[in-house]
Amino acid sequence: MTNSVQSIALDKLVAHPDNPNRMSGATFGKLVRNIERTGRYEPIVVRPHPQREGHFQIINGHHRCCALTKL
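Rules used in this analysis
- Residues numbered from 1 in each chain as written.
- Predicted model: local features only at pLDDT ≥ 70, side-chain atom pairs only at ≥ 80, totals over all residues.
- Heavy atoms only, no water.
- Pairing = 2+ DSSP bridges.
- Helix = DSSP H or I, 4+ residues; strand = E, 2+ residues; numbered from the N terminus.
- Axes fitted to C-alpha atoms, helices over the stretch in contact; angles between N-to-C directions.
- Contact = heavy atoms within 4.5 Å.
- 1 Å grid on protein atoms, 1.4 Å probe; cavity = no way out; pocket = protein on both sides within 12 Å on 5 of 7 lines; lining within 4 Å.
- Points joined across faces, edges and corners; volume = space filled by probe spheres on them.
- Nonpolar A, V, L, I, M, F, W, Y, C, P; charged D, E, K, R; others polar.

Visitor: Residue-level account of the sheet that holds strand β2 (residues 45–48), with values.
Guide: The sheet built from 3 strands is open, its strands ordered β1-β3-β2 with mixed pairing. Both edges of this open sheet fall to β1 (13–15) and β2, since each of them pairs with a single strand only. Adjacent strand axes in the sheet meet at a mean angle of 45°, parallel and antiparallel pairs treated alike. Along the sheet, helix α2 (residues 62–70) makes contact with β1 and β3 (56–60), crossing β3 at roughly 120°.

Visitor: Before we move on, can you summarise the layout of surface pockets with the specific residues and values?
Guide: Taken as a whole, the largest pocket encloses approximately 660 Å³ of empty space. Lining the largest pocket we find 19 residues, and of these Ser4, Gln6, Ile8, Ile44 and Val46 sit closest to its centre. Top contributing element to the lining of the largest pocket by residue count: β2, with 4 residues. A breakdown of the residues in the lining of the largest pocket according to their chemical character gives 13 nonpolar, 5 polar and 1 charged.

Dropping the structure here:
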């Protein structure tokens, strides 16, 4: 498998259950406003979900995914 940037529907993304990252509400609000203002964000890193065919597990970018879902 090769690494590449692809568009994947947000409803196909599943958070990794062991994600240790936490973000304050204020910082999350800044992230949402920045994405809304610029339309830019670092790509979310995923892998095929180990149990749900056709879905992907988020490895890096949980907060970006939540921000995009909110927008």
